[in-house]
Amino acid sequence: MPLFRVYVAGVGEKKQRGSGQSKVEVSAFLERNASRKNHQLLRRFTPGSVVRARRFNCRVEIATCFLCSITLRALATISAQVLLNGGQVVSWKNDRGEELLFMSSKANWKSSKAIRGGISVCLPQFGNLGSLFHRSPRNKLWSIDSCPSPRDATSNRSSVDLLFKPTEEDTKMWQRSFELRLHISLGPGKLTLVPRLRNTDNKSFAFTFSMCNYLSVSDISEVRVEGLETLDYFDNLLKRKRLTEQADAVTFDGEVDRVYLHTPTNIAVIDHEKKRTFVLHKEGLTDAVVWNPWEKMAKAIPDLGDHDYKNMLYVCSAAFENPIVLKPMEEWKGRQELSAVSSSYCSGQLDPQKVLLYAKLTHPQQ
């Protein structure tokens, strides 16, 4: 099975001293990593030391940094970095070492709050139907799941399973108890996230859900989003007015903040300048959010650089219009797969049909 590294946070940048690597203590830390004070457990380890945690079949490297992260690798240069804080994917690099996810130039890596960028999970409800969210596990510590989902022995994908359980304090805020598991796997050209939410409460509850993706693009004004034509959407810039998409693609010459309803399984994001297309394949998530703040709004967001909007596109796989209802001990499962493929030209324009054909070939059941 593939190895991954866990970089465990220290406090500040002071040199840590100590020796002796305890497999039991490291495993215990990974298993119950539910509060920030557990980081103190690893102060006795020397930064840079490598420890085997056999129970999780992983390699643990103690390093001096502010956040706990996991690095998945496929081949020599393909990688993804996942933070235990928020269960957030903050990096995804292709076989040329190019970063495919956007990260804000003002991202605060020293805070316990969610970092603006990458891929994150949002539930149980949207705040503003799209770009804003409330009561999210993005601001909470996750742990490595000690009961991961079954793995395909023939697969060469590197993966990790994360678990979030609300604490007693969290339950006061959410008012329901649940377990949220997230399987993240990395392979050549693909990054897959499979969330599973189980109702561990004694009552049924409803929730909305979103996988929030910040994609790195060359120039937002040269980007097209294919697959949303003729669909209804809520426009957050028009007080959530319900409209129908009239254009053959979503393009950008100003702020866009929309929730598209009953979207297809595959959506293509075409970057003309980079000759690259992201194919977003989703299951169990019928809606999609498309957002770019443009210049004025970007300047009003504290953790976003004034010009960052030019190189980002926020696209979400979401379940919004029809909330998911779970009875006690029932489980919901979703799936999102991001693929980055080379785009072809046809009469000087990118050919979206070939991209969507690629998506259908890789998912014939759809």
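None of the values given here were measured: they were computed from a predicted structure.

### Some remarks on the overall build of the protein chain
Okay, step 1: Each helix and strand in the protein chain was counted, giving four helices and 26 strands.
Okay, step 2: With 366 residues in all, the protein chain has 54% of them scored as buried.
Okay, step 3: A separation threshold of at least 6 residues defines the contact pool for the protein chain, and within that pool the share at least 24 residues apart is 68%.
Okay, step 4: When the accessible surface of the protein chain is totalled, it reaches about 16900 Å², and 48% of it is carbon and sulfur.

### What about the nonpolar core?
One broad rule of soluble globular proteins: the nonpolar side chains tend to lie buried together.
Okay, step 1: Ile184 and Leu313 are the most contacted members of the largest nonpolar core, which has 77 residues in total.
Okay, step 2: The leading source of residues in this core is strand β22 (residues 312-326), at 10 residues.
Okay, step 3: Each residue touching Leu313, except ones within four places of it in the same chain, is listed here: Asn213, Tyr214, Leu215, Val217, Ile220, Val223, Val225, Phe252, Val269, Val290 and Trp291.

### A look at the pairing of strand β16 (residues 232-235)
Sheet faces and side chains relate simply in a regular strand, where the side chains alternate between the two faces.
Okay, step 1: Relative to strand β17 (residues 241-244), β16 runs antiparallel, the two sharing four bridges. Along β17, the bridge assignment pairs Asp235 with Lys241.
Okay, step 2: Here β16 folds back onto β17 in antiparallel fashion, the turn holding five residues, of which Lys239 has a positive phi close to 55°.
Okay, step 3: Here β16 pairs with strand β18 (residues 256-260) via three bridges, running antiparallel. Paired with Asp235 across the bridge in β18 is Arg258.

### What to know about the environment of Leu261
Okay, step 1: Structurally, Leu261 can be placed in the loop between β18 and β19 (266-271).
Okay, step 2: Separated by 25 residues in the primary sequence, Leu261 and Thr286 place their C-alpha atoms 6.9 Å from one another.
Okay, step 3: Leaving out residues up to four positions away in the same chain, Leu261 has contacts with Leu231, Asp232, Phe234, Arg242, Thr286, Asp287 and Glu321.

### Description of unusual backbone geometry
Okay, step 1: Positive phi values are uncommon outside glycine, yet Thr230 reaches one of about 70°.
Okay, step 2: Residue Met329 is not a glycine yet carries a positive backbone phi of 70°.
Okay, step 3: With respect to the helices and strands, the residue Met329 is situated in the loop between β22 and β23 (331-333).

### Focus: the pattern of salt bridges
Okay, step 1: Per the counting criterion, the structure on display carries 17 salt bridges.
Okay, step 2: For Lys165, the salt bridge goes to Glu179, with nearest N and O atoms at 3.5 Å. One end of the pair, Lys165, is in the loop between β11 (158-164) and α2 (168-174); the other, Glu179, is in strand β12 (residues 178-187), and 14 residues separate them in sequence.
Okay, step 3: What you see here is one network of salt bridges that share partners, running through Asp95, Arg96, Glu98 and Arg276.

### Considerations on the state of the cysteines
Okay, step 1: By the definition in use, this model includes zero disulfides.
Okay, step 2: Between Cys122, a free cysteine, and Cys212, which holds the nearest cysteine sulfur, the sulfur-to-sulfur gap is 3.4 Å.

### What to know about the packing of aromatic side chains
Okay, step 1: Scanning the model with the defined rule gives 11 aromatic pairs in all.
Okay, step 2: Each ring, one from Phe207 and one from Trp332, has its centre 5.9 Å from the other, and the planes form 75°; the classification is edge-to-face. With Phe207 in strand β14 (residues 205-216) and Trp332 in strand β23, this pair connects stretches of sequence that are 125 residues apart.
Okay, step 3: Judged by its relative accessible area of 2%, Phe207 is buried.

### Quick word on the pairing of β14
Okay, step 1: Here β14 lies mainly inside the structure; 11 of its 12 residues are buried.
Okay, step 2: Note: strand β7 (residues 119-122) against β14, four bridges, orientation antiparallel. In the sheet register, Ile119 faces β14, and the bridge partner there is Asn213.

### Considerations on the environment of Glu179
Okay, step 1: According to the relative accessible area criterion, Glu179 is buried, its value standing at 17%.
Okay, step 2: Distance from Glu179 to Arg198, taken between C-alpha atoms, is 5.3 Å for residues 19 residues apart in sequence.
Okay, step 3: Each residue touching Glu179, except ones within four places of it in the same chain, is listed here: Leu163, Phe164, Lys165, Arg196, Leu197, Arg198 and Thr200.

### Concerning the confidence of the model for the protein chain
Okay, step 1: Considering every residue of the protein chain, the mean pLDDT works out to 76; 69% of them sit at 70 or more.
Okay, step 2: A low-confidence stretch, residues 1-66 (pLDDT under 50), is modelled with 148 contacts involving residues beyond four sequence positions or located in other chains.
Okay, step 3: For the stretch residues 345-350, pLDDT sits under 50, and the model shows 11 contacts to residues farther than four places along the chain or on other chains.

### What about the environment of Lys93?
Okay, step 1: Within the fold, Lys93 resides in strand β6 (residues 88-93).
Okay, step 2: Among all residues touching Lys93, those that are not within four sequence positions of it are Thr77, Ile78, Ser79, Glu98 and Glu99.

The rules behind each value
- Residues numbered from 1 in each chain as written.
- Predicted model: local features only at pLDDT ≥ 70, side-chain atom pairs only at ≥ 80, totals over all residues.
- Heavy atoms only, no water.
- Helix = DSSP H or I, 4+ residues; strand = E, 2+ residues; numbered from the N terminus.
- Buried < 20%, exposed > 50% of the residue type's maximum accessible area, 1.4 Å probe, protein only.
- Contact = heavy atoms within 4.5 Å.
- Areas by Shrake-Rupley, 256 points an atom, 1.4 Å probe, with all protein chains shown as cover.
- Core = buried A, V, L, I, M, F, W, Y, C linked by side-chain atoms within 4.5 Å.
- Pairing = 2+ DSSP bridges.
- Salt bridge = Lys/Arg side-chain N within 4 Å of Asp/Glu carboxyl O.
- Disulfide = S-S within 2.5 Å.
- Phe/Tyr/Trp six-rings, centres within 6.5 Å; stacked < 30°, edge-to-face > 60°.
- pLDDT = per-residue confidence, 0-100.

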